[in-house]
Amino acid sequence: MPKNVLILGAAGQISQMLLTNLLNDTDFNLKLYGRNLSNRISIKDVSRETAIDGDFSDKAKLVAAMENVDVIYLNSMESVANTKTIV
């Protein structure tokens, strides 16, 4: 059964490299989370990728995004407060 991975800050350069590698080298399902995400990235595999527009300060949306996820990758060191919300 494929793992479910949540990428927080999915529009960033490192996240985009990770996303490409995960799509090419695994069968993982990917949840992509970020500010104005639908305007900043394009989904390459609709069967494996889900884009979620959200801000790191929105605790309820973050908790919902984390449901049924095996691994979370955080691509941000922008705000200590936001990092605490995520943790």
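Remember, it's a predicted structure, so these values are computed and weren't measured experimentally. (Residues numbered from 1 in each chain as written. Predicted model: local features only at pLDDT ≥ 70, side-chain atom pairs only at ≥ 80, totals over all residues. Heavy atoms only, no water.)

## What to know about the sheet that holds strand β4 (residues 71-74)
The 4 strands are arranged β3-β2-β1-β4 in an open sheet whose pairing can be described as parallel. The sheet is open, and its two borders are formed by β3 (49-53) and β4, each paired with just one other strand. Between one strand and the next, the sheet's axes are offset by a mean angle of 15°, whatever the strand orientation. Strand direction decides the pairing type here: strand β1 (residues 4-8) and strand β2 (residues 29-34), joined by 5 bridges, are parallel. The partner of Asn4 across the bridge, within β2, is Asn29. In this fold helix α1 (residues 13-25) packs onto β1, β2, β3 and β4, with an angle of close to 165° to the strand it touches most, β1. (Pairing = 2+ DSSP bridges. Helix = DSSP H or I, 4+ residues; strand = E, 2+ residues; numbered from the N terminus. Axes fitted to C-alpha atoms, helices over the stretch in contact; angles between N-to-C directions. Contact = heavy atoms within 4.5 Å.)

So far we have only geometry, and geometry alone does not tell us how the molecule works.
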